[in-house]
Amino acid sequence: MITIECIKEFHDIQDGAIRSIGDTWSASEARTKELEDKGFVKTTKKESKTDK
Amino acid sequence: MAQKLNKFNGTGWRLKIGTAANALKLITDEMSVEYGETPNMIDTGSKDDGADDTFILASVSRTIKLSAQLDTSTGETKAAFGDLKGYSGAGTAVYFSIGSASVGEMVIAGQGKISSLNVKATRNEIATIDFEIRVSGSTTYLANA
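All values derive from a computational prediction rather than experimental measurement.

(A) Main features of the environment of Gly10 of chain B. Inspection of the secondary structure assignment puts Gly10 of chain B in the loop between strand E2 (7-8) and strand E3 (14-18). Counting along the chain gives 23 residues from Gly10 of chain B to Val33 of chain B, while the straight-line C-alpha distance between them is 8.9 Å.

Quick look at the structure:
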């Protein structure tokens, strides 16, 4: 899982959440790429093996 | 959701509410929903203006009205009468989104408080509820992703 931060407000249809600028949450690699490509989020932390 | 020439079947537009912006739930057995904005205008016209009206904008009132079939279940994945009665009685801040659930389409989002909650039960008709949310602050028009 990757920690991502909202940089453009949007409605997250995966869980119905309204994501406001500055909100952070965890997402899969695929979901992170999808949202980054659309300009809604940036990655703040990638989980490493030592995080587990 | 079926979409043609940017028109929508209203069945696909749903209201979701919750006590946090990241925990919104559909309303059980929603039948119809309305969103309305009313910019309140201050009339600045006088006899000096002759026949021409002039205005300045005051506050903007925003409301959501929803009707649904009455469902007395609790603890479900959708919000029902019990949830709404709790929010109404406590003056709970209610976050909401109203719109489509499809990627690339839009929702209106904001927060407010329940300003009316009614149950109607008529002989030989389905029992219904209706409620109104008065929006506190502004609303935003957001893309689904």
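(B) Focus on helix H1 (residues 81-90) of chain B. Residue and element names in this part refer to chain B. Considered for burial, the residues of H1 that qualify are Phe81, Asp83, Leu84 and Tyr87. Projected down its long axis, H1 shows its buried positions confined to an angular sector of 160°, all on one face. Across from the buried face of H1, at angles greater than 90 degrees, the exposed residues are Gly89 and Ala90. Residues of H1 that are buried in the fold lie against strand E7 (94-99), strand E8 (106-120) and strand E9 (128-135). Two residues or fewer past H1, Gly91 is found with a positive phi of approximately 65°.

(C) Examining the interface of chain A and chain B more closely. On the chain B side, the residues contacting the twelve residues of chain A number 15 residues. Among the elements of the structure, strand E2 (10-12) and strand E3 (17-19) of chain A are those that each provide at least two residues to the side of chain A that touches chain B. Here the element with the most residues in the side of chain A that touches chain B is E2 of chain A; it accounts for three residues. Residues of the side of chain A that touches chain B, tallied by class, amount to six nonpolar, three polar and three charged.

(D) Here's a closer look at the pairing of strand E6 (residues 55-69) of chain B. All names here are of chain B. As paired strands, strand E5 (residues 30-43) and E6 are joined by twelve bridges and run antiparallel to one another. When the sheet's bridge partners are listed, Tyr35 is paired in E6 with Ile64. Inspection of the sheet shows E6 paired to E9 by seven bridges, in the antiparallel sense. The residue bridging Lys65 from the neighbouring strand is Glu132, located in E9.

(E) Geometry of the environment of Ser61 of chain B. Residues and elements named next belong to chain B. Locating Ser61 in the fold gives a position in strand E6. On the basis of neighbour count, Ser61 is assigned to the exposed category, with 12 C-beta atoms found within 10 Å. Those residues within four positions of Ser61 in sequence are excluded, and the remaining contacts are Thr38 and Asn40.

(F) Region of interest: the sheet that holds strand E4 (residues 24-27) of chain A. Residue and element names in this part refer to chain A. With respect to topology, three strands assemble into an open sheet ordered E4-E1-E5, the strand pairing being antiparallel. Strands with a single pairing partner mark the edges of an open sheet, and in this sheet they are E4 and strand E5 (41-46). With direction set aside, neighbouring strand axes in the sheet form an average angle of 35°. The pairing of strand E1 (residues 2-6) with E5 spans five bridges and is antiparallel. Along E5, the bridge assignment pairs Glu5 with Lys42. Each of E1, E4 and E5 touches helix H1 (residues 29-37); the most contacted strand, E5, lies at about 145° to it.

Criteria and thresholds
Residues numbered from 1 in each chain as written. Chains lettered and ligands numbered in written order. Predicted model: local features only at pLDDT ≥ 70, side-chain atom pairs only at ≥ 80, totals over all residues. Helix = DSSP H or I, 4+ residues; strand = E, 2+ residues; numbered from the N terminus. Buried ≥ 20, exposed ≤ 12 C-beta atoms within 10 Å, placed from the backbone. Arc of directions from axis to C-beta. Contact = placed C-beta atoms within 7 Å. Nonpolar A, V, L, I, M, F, W, Y, C, P; charged D, E, K, R; others polar. Pairing = 2+ DSSP bridges. Axes fitted to C-alpha atoms, helices over the stretch in contact; angles between N-to-C directions.

Function cannot be read off these values alone, since they describe shape.
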